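Observations on the three-dimensional arrangement
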Amino acid sequence: MKKIWITGAEGHIGTALLELLEGVEYQLLPTDIHEVDITKIDEVTQFVYVNRPDVIINCAGLTDVRACEEKPEEAYKINAIGARNLAVAARRIDAKLIQISTDDVFGGDDDAALCEFDDAHPTTMYGKSKYAGEKLVRELTDKHVIVRSSWLYGVGSYDFVDRVLDNAKKDGKVVLPEDEISSPTSADALAGFIECLMHTREFGLYHASCDGSCSRAEWAREILRLNGMDHIPVISAAENTELRPRFTLLDNMMLRITGLYQMPDWQLLMSLESSTTLKLKVRI
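These numbers come from a predicted model, not from an experiment.

Focus on the pattern of salt bridges
- Scanning all chains against the criterion turns up nine salt bridges.
- The shortest N-O distance in the salt bridge between Asp111 and Arg246 comes to 2.8 Å. Remark: Arg246 occurs in the loop between β12 (234–236) and α9 (253–258) and Asp111 occurs in the loop between β4 (96–102) and α5 (125–140); sequence separation between them is 135 residues.
- Assessed through its relative accessible area of 28%, Arg246 is described here as partly exposed.
- As a salt-bridge pair, Arg148 and Glu134 come within 2.8 Å of each other at their nearest N and O atoms. Taken as a pair, Arg148 in strand β5 (residues 144–149) and Glu134 in helix α5 lie far apart in primary sequence, 14 residues in all.
- When salt bridges with common partners are traced through the structure, they connect Glu134, Arg138 and Arg148 into a single cluster.

Side note on the nonpolar core
- One finds Leu17, Ile57, Ile98, Val147, Phe193, Trp219 and Leu224 to be the most contacted residues of the largest nonpolar core, which totals 51 residues.
- Considering each element in turn, this core owes the most residues, eight residues, to helix α7 (residues 187–198).
- If we ignore the near neighbours within four places in the chain, the residues touching Ile57 are Ile4, Trp5, Ile6, Thr7, Leu17, Ile98, Ile194 and Met198.
- Counting residues in hydrophobic clusters, the runner-up holds 20 residues, among them Val36, Ile38, Phe47 and Ile93.

A closer look at helix α2 (residues 41–51)
- Restricting attention to buried positions, one finds in α2 the residues Val44, Thr45, Phe47, Val48 and Asn51. The buried residues of α2 occupy one face: seen down the axis, they fall within an arc of 165°. Looking at α2, the residues exposed on the side facing more than 90 degrees away from the buried face are Asp42, Gln46 and Val50.
- Buried residues along α2 sit in contact with β1 (2–7), β2 (26–31), β3 (55–58) and α4 (72–93).
- The positive-phi residue at the C-terminal boundary of α2 is Arg52, with phi of around 50°.

Observations regarding a negative patch on the surface
- A cluster of acidic side chains, namely Asp109, Asp110, Asp118 and Asp119, defines a negative patch on the protein surface.
- Inspection of the secondary structure assignment puts Asp109 in the loop between β4 and α5.
- Relative accessible area serves as the criterion here: at 59%, Asp109 is assigned to the exposed category.

Examining the environment of Leu140
- Within the element layout of this structure, Leu140 appears in helix α5.
- Sequence separation between Leu140 and Arg163 is 23 residues; the distance between their C-alpha atoms is 38 Å.
- What Leu140 contacts, discounting residues up to four positions off in sequence, is Arg84, Ala87, Val88 and Arg91.

Here's the deal with the packing of aromatic side chains
- All told, the structure shown has six aromatic pairs when counted by the stated rule.
- With 4.5 Å between their ring centres and 20° between their planes, Phe160 and Trp219 make a pair best called stacked. Highlighted residues: Phe160 in helix α6 (residues 160–171) and Trp219 in helix α8 (residues 216–226), separated in sequence by 59 residues. Note on accessibility: Phe160 and Trp219 belong to one class, buried.
- An aromatic cluster is built from Trp151, Tyr153, Phe160 and Trp219, whose rings are joined through pairwise contacts.
- In this structure, Lys96 packs its charged tip against the face of Phe203, placed 4.9 Å from the ring centre.
- A cation over an aromatic ring shows up here: Arg216 above the ring of Phe160, its NZ or CZ 4.9 Å from the ring centre.

Side note on the sheet that holds β3
- Read across the sheet, six strands follow the order β2-β1-β3-β4-β5-β10 without closing on themselves; strand pairing throughout is parallel. Across the chains shown, the open sheet's two edge strands, defined by having one partner strand only, are β2 and β10 (204–207). In this sheet, adjacent strand axes meet at a mean angle of 20° when their direction is disregarded.
- Alignment of β5 against β10, held across four bridges, turns out to be parallel. Residue Ile146 lies in a different strand from β10, and its bridge partner there is Leu205.

Looking at the packing of α6 against α8
- Between α6 and α8, the shortest axis-to-axis distance is 10 Å and the interhelical angle comes to 70°. The angle between α6 and α8 places the two elements in the roughly perpendicular class. Residue-level contacts link Phe160, Val161, Val164, Leu165 and Ala168 of α6 to Arg216, Trp219, Ala220, Ile223 and Leu224 of α8.
- Residue composition of the contact of α6 with α8, grouped by class: nine nonpolar, no polar and one charged.

Cut-offs and rules
- Residues numbered from 1 in each chain as written.
- Predicted model: local features only at pLDDT ≥ 70, side-chain atom pairs only at ≥ 80, totals over all residues.
- Heavy atoms only, no water.
- Salt bridge = Lys/Arg side-chain N within 4 Å of Asp/Glu carboxyl O.
- Helix = DSSP H or I, 4+ residues; strand = E, 2+ residues; numbered from the N terminus.
- Buried < 20%, exposed > 50% of the residue type's maximum accessible area, 1.4 Å probe, protein only.
- Core = buried A, V, L, I, M, F, W, Y, C linked by side-chain atoms within 4.5 Å.
- Contact = heavy atoms within 4.5 Å.
- Arc of directions from axis to C-beta.
- Patch = residues over 30% accessible without salt bridge, like charges linked within 9 Å, V, L, I, M, F, W, Y side chains within 5 Å.
- Areas by Shrake-Rupley, 256 points an atom, 1.4 Å probe, with all protein chains shown as cover.
- Lys, Arg positive; Asp, Glu negative; His and termini not counted.
- Charge placed at Lys NZ, Arg CZ, Asp CG, Glu CD.
- Phe/Tyr/Trp six-rings, centres within 6.5 Å; stacked < 30°, edge-to-face > 60°.
- Lys NZ or Arg CZ within 6 Å of the ring centre and 35° of its normal.
- Pairing = 2+ DSSP bridges.
- Axes fitted to C-alpha atoms, helices over the stretch in contact; angles between N-to-C directions.
- Parallel < 35°, antiparallel > 145°, perpendicular 65-115°, else oblique.
- Nonpolar A, V, L, I, M, F, W, Y, C, P; charged D, E, K, R; others polar.

What follows is the structure, given as structure tokens:
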């Protein structure tokens, strides 16, 4: 029975993975900061030596972009040093490490989708700290896969979907930028790809975002429509106040080259999740 250690198990991807893998032929080892603090090498080392996981999936991270800007050392501690500790531990026990990263490693200056062979140049502290984690993983263990995704939503923690619905109910409107472009990605869809990776001998860097693209404002309009709240206006912000890069649409080129997996269309998936009351947090 394959042992799977999931760090950050209470977040979006961790929660989605636990729901997907529960009852399957795996021994799941879910932890969050209360069980194992990945920034502490002794705790990580002890856990891997006692449990000997076959696969480590690092879903832990400081993802609040404003908190990263305000506390850069904390961002690097969690997003970079935490990844380093897991990479060292994975190498020692010959485990496969799947490191979750972000589209924010790109600066947002381009107007074309970015593939795995484009150079990263993060401009935010969140993006810089996550990219530092990527580099440490590459340097410290061969058996790794870095998975970049974008605009994650789903079960597990408060997110953009929650914020749009809450603002709509509270203020009767939503104000968002029209020029911030990427692709909303369901944590459940990403979890399906991660499970696929667990069974392959694929290593390296993969982009895994849902197909299609939209602005933050367009995404909000779709969220409101699916919740029967399309009468509430989404107003274009005068400037991007999200502290996020402007254009970070990912091109899943490695998925096409390898034929490994097909991510679904974001809009179709959100409609399906809403109509079948699956994982989208629809709260009318």
